[in-house]
Amino acid sequence: MPLVHHVRADGSTAMLLPDDDPLLQRVRAAGSDGHAVMLELTDRAPVDLREPVRGLLWITGMLRMPTPFCARRIAVGMAEAMPDPRLLDLGHGATLVRLDPGSAVLSDGEGTAALSPLDLAAAVPDPFCRYETNWLAHLESAHPTVFTALHRHLPAYLRDDRSARIRPLGLDRFGLRLRVETHDQDHDVRLAFEREIRTLDELREQMSKLVGCPFGRAHRHAS
């Protein structure tokens, strides 16, 4: 388990490991050839679900140790993207390594797909990724009627199940994902927006169409 990890814009992954991590010895022994590894990244739901993992990304490639100068430059870039005080431990009890990807597999409730290093490098963050967790968790705890209003969009077999509980699973520029928990099974449902969105105003408009007036008030509170 890295102390800090970050998938960089070029598709590589930088990881900060404790100096006593056994993996570092194998990376040093491999030299410039690198040590073959697989990194598993877990995407967790914004609220406490029975099955909290909503997606997995496996990156397979070669793990290498950059020079101290390059390691510091990479750490600075990591700090700009995702500040973490543990990055200050670089050179003082922690070592930075870089995973150069050879292939990747992404799996979630909507399917599984193989990705090339070019696919990873071309991927860009969803415009709502940095605050979907807090926003959806706030809606469920403070405005549960929002999710009650979404009941009418569920497939018929779920609408008729009196044990069904609607939970927030995810939000992205294409729509809202729900986890419907029944007494014996979980079901993932995507409610698609009319079009791809990128701004809060567009989000407010599209969500209002899904749930009506109650969401408008809830969204103002969440903002």
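Please read these numbers as outputs of a predicted model, since none were measured by experiment.

**Q** Honestly, the environment of R165 in this entry has me stumped. Any pointers?
**A** Along the chain, R165 turns up in strand β7 (residues 165-172). Separated by 21 residues in sequence, R165 and D186 have C-alpha atoms that sit 9.6 Å apart. Among all residues touching R165, those that are not within four sequence positions of it are R179, V180 and E181.

**Q** What should I look at first to understand the pairing of β7 in this one?
**A** A regular strand places its side chains on the two faces of the sheet in alternate fashion. Most of β7 is tucked away, with seven of its eight residues classed as buried. Pairing geometry for β7 and strand β8 (residues 175-181), over seven bridges, is antiparallel. Note that in β8 the partner of D172 across the bridge is G175. Where β7 hands over to β8, the hairpin turn is made up of two residues, counted between the paired strands.

**Q** Teacher, can you tell me more about the environment of G212 here?
**A** By the secondary structure assignment, G212 is in the loop between α7 (200-211) and α8 (213-222). Assessed through its relative accessible area of 25%, G212 is described here as partly exposed. Along the primary structure G212 and V146 are separated by 66 residues, whereas in three dimensions their C-alpha atoms are 8.7 Å apart.

**Q** How should I be thinking about the sheet that holds β8 in this particular structure?
**A** What holds strands together in a sheet is hydrogen bonding between their backbones, with the strands either parallel or antiparallel. What the three strands build is an open sheet, ordered β7-β8-β9; its pairing is antiparallel. The open sheet terminates on both sides in strands that have one partner only, identified here as β7 and β9 (186-192). With direction set aside, neighbouring strand axes in the sheet form an average angle of 25°. Packing against the sheet, helix α4 (residues 132-142) makes contact with β7 and β8, and its axis sits at approximately 155° to β7.

**Q** Could you clarify how one ought to interpret α7 in this entry?
**A** Side chains three or four residues apart in an α-helix point the same way, a direct result of the helix having 3.6 residues per turn. Look at α7: 16 Å from first C-alpha to last across twelve residues, which is about the 16 Å you get at 1.5 Å a residue. G212, located one to two residues past α7, shows a positive phi value of around 85°.

**Q** What is the right way to look at the nonpolar core in this model?
**A** For soluble globular proteins, nonpolar side chains are generally found buried alongside one another. Core analysis: the largest hydrophobic core is formed by 22 residues, its most contacted members being L150, L171, L178 and L203. Examining the composition of this core, we find that four residues originate from one element, α7, more than from any other. Discounting residues that sit within four places of it in the chain, L150 has contacts with I166, L176, L178, L191, L210 and V211.

**Q** It is not clear to me how the pattern of salt bridges should be interpreted in this structure. Could you clarify?
**A** One side chain can pair with another of opposite charge once the charged atoms of both are near each other. For the coordinates displayed, the defined rule picks out 19 salt bridges. A salt bridge links R86 to D84, with the shortest nitrogen-to-oxygen separation between them at 2.8 Å. Under the relative-accessibility criterion, D84 is labelled buried at 18%. When the shortest N-O distance is used, the salt bridge between K209 and E194 registers 2.8 Å. In this pair, K209 is assigned in helix α7 and E194 in the loop between β9 and α7, connecting sequence segments 15 residues apart. Three or more residues are tied together by salt bridges with common partners; here these are D126, R173, E196 and R198.

Calculation rules
Residues numbered from 1 in each chain as written. Predicted model: local features only at pLDDT ≥ 70, side-chain atom pairs only at ≥ 80, totals over all residues. Heavy atoms only, no water. Helix = DSSP H or I, 4+ residues; strand = E, 2+ residues; numbered from the N terminus. Contact = heavy atoms within 4.5 Å. Buried < 20%, exposed > 50% of the residue type's maximum accessible area, 1.4 Å probe, protein only. Pairing = 2+ DSSP bridges. Axes fitted to C-alpha atoms, helices over the stretch in contact; angles between N-to-C directions. Expected span 1.5 Å × (residues − 1). Core = buried A, V, L, I, M, F, W, Y, C linked by side-chain atoms within 4.5 Å. Salt bridge = Lys/Arg side-chain N within 4 Å of Asp/Glu carboxyl O.

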